[in-house]
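Descriptive analysis of the structure
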Amino acid sequence: ARVDAADGYDIPRIEEVSFDTAYWIGSGLPGAPSGLTADRLNSYTRERVTGILTGRQDGGYWYDLTIANARYGCYIENGGIYIGALTTRKVQYGVYVTGISYPGLELTYSDIEASVNGLYYAVPERETAVISKTSFRGADIAVYGVNTGGYGINLNDCTLSGWQDQAIRMNGGNLTVS
C-alpha cells in the first residue's frame with residue numbers, strides 16, 4: 001500500500017496521511033496480526049513498502065504525514081515538491097530522491113528517523129534541496145548527496161543526531177549549512 005502521486009499538475013496536495021502497520025496490528029479486528037506474525041509483517045514492510053511515491057508533480061504540497069514501518073518514507077522521482085511536518089519512524093530512508101525539477105525540494109518542520117539515510121539525494125545537476133527546521137536521527141548517514149554533479153543541498157536550522165557513519169556526506173554538489 002502507498003500513495004502513488006505520479007502526474008500531478010497544478011499544485012497537487014497530500015495532507016494528513018498516516019501509514020503504519022501498528023494500525024492493523026492494534027485494531028482488534030479478526031485476523032489482525034499479533035506476536036510473531038506482527039513481527040513478520042513489520043519485517044516485510046520495512047524491506048518492501050514505500051509510503052509516498054511520486055513521479056512528475058508541479059509544486060506538490062505534502063503536509064502532516066506520518067510514515068512508519070516502511071523501506072521508504074517518501075520516494076521522489078520527479079517534480080517540485082514541498083513537504084512540511086513529515087515524521088518517519090522505523091524506515092530505512094526518510095526521503096529518497098532520484099530526480100527533482102524546478103523549483104526543487106523543500107522539506108520543513110519535519111522529524112526524520114531512518115536507519116540508512118534521512119535524506120538520500122541522487123539528482124544529476126542543478127536541482128536544489130532546501131531543508132529547514134528538520135531533525136535527522138538514527139541513520140548511518142543523515143544527509144547524503146550521492147552524485148558528483150552541480151546540485152545543491154541547503155540545511156537551515158536542522159538537527160543531526162544519532163548518526164552512525166557520517167552526519168553529512170557529499171560526493172559532489174554544493175552544501176550550505178546555517
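Conventions and cut-offs
- Residues numbered from 1 in each chain as written.
- Predicted model: local features only at pLDDT ≥ 70, side-chain atom pairs only at ≥ 80, totals over all residues.
- Heavy atoms only, no water.
- Helix = DSSP H or I, 4+ residues; strand = E, 2+ residues; numbered from the N terminus.
- Expected span 1.5 Å × (residues − 1).
- Buried < 20%, exposed > 50% of the residue type's maximum accessible area, 1.4 Å probe, protein only.
- Arc of directions from axis to C-beta.
- Contact = heavy atoms within 4.5 Å.
- Phe/Tyr/Trp six-rings, centres within 6.5 Å; stacked < 30°, edge-to-face > 60°.

Here we take up helix α2 (residues 35-48). The end-to-end C-alpha distance of α2 is 20 Å, a good match for the 20 Å that 14 residues give at a rise of 1.5 Å each. Looking only at α2, the buried set comprises Ala38, Leu41, Asn42 and Thr45. All buried residues of α2 fall inside an arc of 95° around its axis, so they share one side. Opposite its buried face, α2 presents the exposed residues Leu36, Arg40 and Arg48, each directed more than 90 degrees away. Along its buried surface, α2 packs onto α1 (21-25) and β4 (60-76).

Looking at the secondary structure, you find Gly104 in the loop between β5 (81-97) and β6 (105-108). Overall, the relative accessible area of 4% leaves Gly104 in the buried class. For the pair Gly104 and Ile81, spaced 23 residues apart in sequence, the C-alpha separation works out to 6.5 Å.

All told, the structure shown has ten aromatic pairs when counted by the stated rule. Summarising the aromatic geometry, the rings of Tyr61 and Tyr63 are spaced 6.3 Å apart at their centres and angled 15° between planes, so their arrangement reads as stacked. Between Tyr72 and Tyr75 the ring centres are 4.9 Å apart and the planes differ by 85°, which places this aromatic pair in the edge-to-face class. Accessibility assignment for this pair places Tyr72 and Tyr75 in one class, buried. Three or more aromatic residues link up through ring pairs in this structure, and these residues are Tyr72, Tyr75, Tyr93, Tyr96, Tyr120 and Tyr144.

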